[in-house]
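Per-entry structural report
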Amino acid sequence: MKKILLILCVAIGLHSCKIGKNYQGVELNQPDSYAQADTLRVVAYDSINTDTLELNTADLKWWNLYDDPVLDSLILIAMENNRDVLIAAENVLQGRLALKNQNAEMLPKFDVNGQVQRGNFLLNQVGSTQNLVLGAATANWELDLWGKLRRLSEAARADLAASEYGYRGVMISLISEVATTYFSLLRAKSQYEISMRNARSRDSMLQLIQARYDKGIVPVLDVNQATIQYTIAAGSVPQYELQIVQLQNTLSILLGKNPGEVGTGKPLNAQNYNIDLPVARPVDLLARRPDVLVAEYQVIAQNALVGAAKGNRLPSLSASALIGITADSFGNLSFNNPLWTLTGQLAGPLFYWGQLKRQVDIEDSRSFQALYAYQNTVYFALKEVEDVLAEIRTTQDEIRFADQRRTAALQAQNLSRERYNMGVTSYLEFLEQQRQAFDAELLLEGLRANLLSSYVRLYKALGGGWLTAEEEAQAIEASMEKAAQEKM
């Protein structure tokens, strides 16, 4: 018993050891600012502090900046009912349960068993035929000498964190997709209205040209040209009708309901296009973007698995105990003379033909893969932000020129109509001006939707834009405490 206790004391002393390297972070060479941010009007904000959350535009309901209550309600519905979000939430639950299971590996395990036997070979002895009733409880405990089990627990904890940030990433992606689809729906509806208005206008012109042709005032060519222009505008109407139905169905699925009609709020031309861009430093992506954080926690998990693989090459120490009672019948069972054993076992691998070492090498190689994947994720995150910033800048320029083009095209169309009615110019000139005005209107609406979607993609690329209900409550409480301290 003294020897066993001595072994246990030594094991507990070694319990603080943990084989393998602790994660020290990854060094990355990142720029101090975004190149494209210098060409835009931006608003700087500090990174979210996970210890003391503070409210800022980038972390709360940024879609409220569009001031469209319908969009706000659709996003809230999607956050509650979207199936991809619910799947991601189950992943988090599984990660929590897996961590608890792994932590339980470091604790003793208890079993109970009972046996009833009859024969002439009982308890490893040969004799006369007799009965045996045995009841016993056992305990087994593998002592974590080298920290192998703690490394596995560390890996499970990192996997859980990765699943939690994966859930956050799914939520931010969902919000972005709902907003982008909503703006695409507004664009399709606006272009549908433009097509309908142009179709009605061209139909009226066609009737006028037909009446003039019937009186012999204009040639049949004018009638044909007017018919072509009418069918072009009228033919685009069903195209946009189809887009509206498809976008509504897509939005319905994002909302977690059957495909169907989805209402909209402010029209596209009434949306807010002058939005301040909250752009932080590139280094803040490391603490904000869910995909970057997921990739880093995968590096952490893999680093822990390397330590666990190294621990498999070292001896393991386990202790077991048994206590029970036995008799020749149930009526004679008694605790007066119990059975008991206490065992300590030290076992280690001796010769495995290099398998255990190669397994360490495999885990090392996987660590490099996780590291490279993490670095790639960071690089692509920086690229995505730069791309979106450039897209916003160039789209703003396009909208400015497209708006001038539309204004000029509509004026030219009206002037050309008057000139044609006065007989000053040919009908072909009026048709050309009519075509250009129609194209200019459609182009402008498409660019407006693209700009609004670009703002959405920027928030997503920066990793901001959403807090859980608990985090939002903490942020509000922290802000109130900070404001109270500043007044003192």
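Residues numbered from 1 in each chain as written. Predicted model: local features only at pLDDT ≥ 70, side-chain atom pairs only at ≥ 80, totals over all residues. Heavy atoms only, no water.

**A word on the overall build of the protein chain**
Along its length, the protein chain carries 10 helices and six strands. Counting all 488 residues of the protein chain, 39% fall into the buried class. When contacts within the protein chain are restricted to residue pairs at least 6 apart in sequence, long-range pairs at least 24 apart make up 84% of them. Carbon together with sulfur atoms contributes 55% to the accessible area of the protein chain, which is approximately 27,200 Å² in total. (Helix = DSSP H or I, 4+ residues; strand = E, 2+ residues; numbered from the N terminus. Buried < 20%, exposed > 50% of the residue type's maximum accessible area, 1.4 Å probe, protein only. Contact = heavy atoms within 4.5 Å. Areas by Shrake-Rupley, 256 points an atom, 1.4 Å probe, with all protein chains shown as cover.)

**Some points on the packing of helix α7 (residues 290–311) against helix α8 (residues 355–421)**
Contact geometry for α7 and α8: axes closest at 9 Å, N-to-C directions at 170 degrees. Taken as axis vectors, α7 and α8 run roughly antiparallel relative to one another. Two secondary-structure elements touch here, α7 through Asp 291, Val 292, Ala 295, Glu 296, Gln 298, Val 299, Gln 302, Asn 303, Leu 305, Val 306, Ala 309 and Lys 310 and α8 through Gln 359, Val 360, Glu 363, Asp 364, Arg 366, Ser 367, Ala 370, Leu 371, Tyr 374, Thr 377, Val 378 and Ala 381. (Axes fitted to C-alpha atoms, helices over the stretch in contact; angles between N-to-C directions. Parallel < 35°, antiparallel > 145°, perpendicular 65-115°, else oblique.)

**Quick word on unusual backbone geometry**
Within the chain, Asp 67 stands out as a residue other than glycine whose phi angle is a positive 55 degrees. Following the sequence through the fold, Asp 67 ends up in the loop between β1 (42–43) and α2 (69–81). Among the residues examined, Asp 67 registers a relative accessible area of 53% and is labelled exposed. Of note, Trp 353 is a non-glycine position whose phi angle comes to about 60 degrees, a positive value. Tracing the backbone shows Trp 353 in the loop between β6 (339–347) and α8. Given a relative accessible area of 67%, Trp 353 falls into the exposed group.

**Notes on a nonpolar patch on the surface**
A cluster of nonpolar side chains, contributed by Ile 323, Trp 340 and Leu 342, occupies part of the molecular surface with about 330 Å² of accessible area. By the element assignment, Ile 323 lies in strand β5 (residues 316–327). (Patch = residues over 30% accessible without salt bridge, like charges linked within 9 Å, V, L, I, M, F, W, Y side chains within 5 Å. Salt bridge = Lys/Arg side-chain N within 4 Å of Asp/Glu carboxyl O.)

**Some remarks on the pattern of salt bridges**
Counting across every chain of the model gives 18 salt bridges. Glu 154 is the partner of Arg 151 in a salt bridge, and the nearest nitrogen-oxygen pair spans 2.9 Å. Within this pair, Arg 151 and its partner Glu 154 are both found in helix α4 (residues 148–214), separated by three residues, close to a single helical turn. For Glu 384, the salt bridge goes to Arg 289, with nearest N and O atoms at 3.1 Å. Residue Glu 384 is found in helix α8, and its partner Arg 289 is found in the loop between α6 (285–288) and α7; the two are separated by 95 residues along the sequence. On the accessibility criterion, Glu 384 (28% relative accessible area) is partly exposed. Salt bridges sharing partners connect three or more residues here, namely Arg 289, Asp 291 and Glu 384.

**A look at helix α5 (residues 220–254)**
What sets the pattern is the α-helix's 3.6 residues per turn: residues three or four places apart point alike. Spanning 35 residues, α5 covers 52 Å between terminal C-alpha atoms, matching the ideal 51 Å at 1.5 Å per step. In the segment just after α5, Gly 256 is the residue with positive phi, at about 80 degrees. (Expected span 1.5 Å × (residues − 1).)

**Considerations on the nonpolar core**
Among the nonpolar cores identified, the biggest contains 62 residues, and Tyr 34, Tyr 66, Val 178, Phe 183, Leu 251, Val 385 and Leu 458 are the most heavily contacted of them. Where this core is concerned, the elements lending two or more residues are α2, α4, α5, α7, α8 and α9 (427–462). Here this core gets 13 residues from one element, more than from any other, and that element is α9. Beyond its immediate sequence surroundings of up to four residues, Val 385 is in contact with Tyr 34, Leu 285, Leu 458, Ala 461 and Leu 462. Judged by nonpolar contacts, the second largest core, of 10 residues, contains Val 223, Tyr 420, Tyr 427 and Leu 431. (Core = buried A, V, L, I, M, F, W, Y, C linked by side-chain atoms within 4.5 Å.)

**Thoughts on the side chain of Ser 236**
Its location among the elements puts Ser 236 in helix α5. Ser 236 gets classed as buried once you look at its relative accessible area, which sits at 8%. Every residue in contact with Ser 236, bar those within four places of it in the chain, is listed here: Ser 195 and Phe 438.

**Considerations on the packing of aromatic side chains**
Counted under the stated rule, the structure contains five aromatic pairs. Ring geometry for Tyr 165 against Tyr 297: centres 5.9 Å apart, planes inclined by 20 degrees, an arrangement best described as stacked. One end of the pair, Tyr 165, is in helix α4; the other, Tyr 297, is in helix α7, and 132 residues separate them in sequence. Given a relative accessible area of 26%, Tyr 297 falls into the partly exposed group. Through successive ring pairs, a cluster of aromatic residues spans Tyr 66, Tyr 182 and Phe 183. In this arrangement the basic side chain of Arg 400 is found over the ring face of Phe 401, its NZ or CZ atom lying 5.0 Å from the centre. (Phe/Tyr/Trp six-rings, centres within 6.5 Å; stacked < 30°, edge-to-face > 60°. Lys NZ or Arg CZ within 6 Å of the ring centre and 35° of its normal.)

**Quick look at the packing of α5 against α9**
Where α5 meets α9, the axes come as close as 10 Å, and the angle between the chain directions of the two elements is 10 degrees. By the angle between their directions, the pair α5 and α9 is classed as roughly parallel. Between α5 and α9, the contacting residues are Asp 222, Gln 225, Ala 226, Gln 229, Ala 233, Ser 236 and Tyr 240 on the first element and Tyr 427, Leu 428, Leu 431, Gln 434, Arg 435, Phe 438 and Leu 442 on the second. Here the residues of the contact of α5 with α9 are counted per class, giving eight nonpolar, four polar and two charged. (Nonpolar A, V, L, I, M, F, W, Y, C, P; charged D, E, K, R; others polar.)

**Details of the confidence of the model for the protein chain**
When pLDDT is averaged along the protein chain, the result is 85, and 86% of the positions lie at 70 or above. Of the regions scoring below 50 in pLDDT, residues 43–58 engages in 38 contacts with residues more than four places distant in sequence or in other chains. (pLDDT = per-residue confidence, 0-100.)

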